[in-house]
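# Residue-level structure breakdown
Here's the letter readout for the chains.
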Amino acid sequence: MSPPSRRLQTKPVITCLKTFLISYSLIFWFTGVILLAVGVWGKVSLEAYFQLASEKSTNAPYVLIGTGAIIIIFGLFGCFATCRGSPWMLKLYAMFLVLVFIAEFVAGISGFLFRHEIKAVLGDAYKDAVTNYNTTDPKSSVVDNIQKTLHCCGVYSYEDWNTTKYFKDQGIPDSCCKENNVCAVENLKDLDRAHDIVYDTGCFSKVTTLMESNLGIIAGISFGIAFFQLIGVFLACCLSRYITNNQYEMV
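Residues numbered from 1 in each chain as written. Predicted model: local features only at pLDDT ≥ 70, side-chain atom pairs only at ≥ 80, totals over all residues. Heavy atoms only, no water.

With that settled, consider the overall build of the protein chain. Scanning the protein chain from N- to C-terminus turns up nine helices and zero strands. When the helices and strands of the protein chain are placed in sequence order, the string is α-α-α-α-α-α-α-α-α. By the burial criterion, 41% of the 251 residues in the protein chain qualify as buried. By sequence separation, contacts in the protein chain at least 24 residues apart represent 72% of the contacts at least 6 residues apart. Counting only carbon and sulfur atoms, one obtains 65% of the accessible surface of the protein chain, whose full area is about 13,800 Å². (Helix = DSSP H or I, 4+ residues; strand = E, 2+ residues; numbered from the N terminus. Buried < 20%, exposed > 50% of the residue type's maximum accessible area, 1.4 Å probe, protein only. Contact = heavy atoms within 4.5 Å. Areas by Shrake-Rupley, 256 points an atom, 1.4 Å probe, with all protein chains shown as cover.)

Mapped onto this numbering, the UniProt entry gives "transmembrane region" (unreviewed entry) at residues 21-42, 62-80, 92-114 and 215-239. As annotated, residues 62-80 comprises 100% helix and 0% strand, and the C-alpha atoms at either end are separated by 27 Å. (UniProt positions renumbered as here; feature names shortened; annotations may be inferred.)

Now for the packing of aromatic side chains. Taken as a whole, this structure holds eight aromatic pairs when the rule is applied. Ring centres 6.4 Å apart and planes at 70 degrees place the aromatic pair F28 and Y93 in the edge-to-face group. One end of the pair, F28, is in helix 1 (residues 4-52); the other, Y93, is in helix 3 (residues 87-113), and 65 residues separate them in sequence. An identical accessibility class is assigned to F28 and Y93; each is buried. On the basis of an interplanar angle of 65 degrees and a centroid distance of 5.9 Å, the ring pair of Y156 and F204 is categorised as edge-to-face. With Y156 in the loop between helix 5 (138-150) and helix 6 (165-170) and F204 in helix 9 (residues 203-249), this pair connects stretches of sequence that are 48 residues apart. Judged by relative accessible area, F204 falls into the buried class, the value being 17%. Three or more aromatic residues joined by ring pairs form one cluster here, namely Y24, F28, F74, F77, Y93 and F96. (Phe/Tyr/Trp six-rings, centres within 6.5 Å; stacked < 30°, edge-to-face > 60°.)

Let's shift gears to helix 5. In this model, helix 5 (13 residues) spans 18 Å end to end at C-alpha, consistent with the 18 Å of a helix rising 1.5 Å per residue. Phi for H151, located one or two positions after helix 5, is positive at around 55 degrees. (Expected span 1.5 Å × (residues − 1).)

Glancing now at the state of the cysteines. Here, disulfide denotes a covalent bond that connects the sulfur atoms of two cysteines. One pass over the structure, following the stated rule, counts two disulfides. Covalently, C152 is tied to C203 through a disulfide, its sulfur atoms 2.0 Å apart. The S-S bond linking C152 to C203 shows a torsion near 100 degrees; that makes this disulfide right-handed. With C152 in the loop between helix 5 and helix 6 and C203 in helix 9, this residue pair connects regions lying 51 residues apart in the sequence. Each member of the pair, C152 as well as C203, is classed as buried. (Disulfide = S-S within 2.5 Å.)

I146, W161, I172 and V198 are the most contacted members of the largest nonpolar core, which totals 29 residues. Those elements that place two or more of their residues in this core are helix 4 (115-131), helix 5, helix 6 and helix 9. Every residue in contact with V198, bar those within four places of it in the chain, is listed here: Y158, I172, C176, C177, K178 and L188. Formed by 23 residues, the second largest nonpolar core is a distinct cluster that contains A81, M89, L90 and I225. (Core = buried A, V, L, I, M, F, W, Y, C linked by side-chain atoms within 4.5 Å.)

A separate point is the confidence of the model for the protein chain. Across the protein chain, pLDDT averages 76, with 78% of residues at or above 70. Highest mean pLDDT in the protein chain belongs to helix 6 (84); lowest belongs to helix 1 (72). Contacts of residues 1-9 to residues separated by more than four positions or lying in other chains number nine contacts, the stretch itself having pLDDT below 50. (pLDDT = per-residue confidence, 0-100.)

What follows concerns a nonpolar patch on the surface. Side chains of F105, I109, F227 and L230 sit close together on the surface and give an oily, nonpolar patch of about 320 Å² of accessible area. The set of elements that each furnish at least two residues to the nonpolar patch consists of helix 3 and helix 9. Mapped onto the elements, F105 comes out in helix 3. On the basis of relative accessibility, which here comes to 31%, the residue F105 falls in the partly exposed class. (Patch = residues over 30% accessible without salt bridge, like charges linked within 9 Å, V, L, I, M, F, W, Y side chains within 5 Å. Salt bridge = Lys/Arg side-chain N within 4 Å of Asp/Glu carboxyl O.)

Following the sequence through the fold, Q147 ends up in helix 5. Within the structure, Q147 has its side chain in polar contact with the backbone nitrogen of G154 (distance 3.0 Å). Once residues within four sequence positions are removed from consideration, Q147 is found in contact with Y126, C152, C153, G154, W161, P173, S175, C176, Y199 and C203. (Polar contact = N/O pair within 3.5 Å; in protein donor to acceptor, adjacent residues only side chain to side chain.)

This paragraph deals with the side chain of S175. With respect to the element layout, S175 can be found in the loop between helix 6 and helix 7 (185-188). Polar side-chain contacts of S175 include one of 2.6 Å to the side chain of Q147. Contacts of S175, omitting those with residues within four sequence positions, involve D144, Q147, K148 and Y199.

Now the structure itself:
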């Protein structure tokens, strides 16, 4: 059995570690809320752009939503484990933090390394969507949405539509028009007339710039949360060790 003075010295350390870990767990819980919100925002804001590169909807926003939900649950678990002072619960909490850190770090590095490939795939997909544009294809609706939202036209310029089948029949799509009241079909079929009534900036540069900026925000948040988790691992391991040693010393 350890001397009373040593036990008295250990208890304040445990109390201090518990306070820090509970505070950390609450902040960690809040980061889960942030990831959940980012996932929902990505689903709403970026889904149209991801649809260009895939016939099906991308799972990326759902991954963020799922990760955020799991972090919220384990953030509450961390608070419970800290209050209970259970060494095995604290170790489980630390293991979870390590696994999430590794997953987020690997995902972030992969996204950074393959960003140029993602950009190339998106560019090819957008060119294909413009070439095969029609009023019934879901990807054509995405093209219309992009052109209206970003105020752009075609891949690199409005002249890209000149080589499409749709241009021969209908001219440049209405979604390129600056003002709908002057976008008559006869004007949209003539590139010279269309120059003054449609957006002359291509969509590819605007789409990639938007994607890179938004993905940069997501990556920055993910990396920040990932490294923040290392603090929780350290606190959980220290508290588990102090509680275990204190239990043995009291025997």
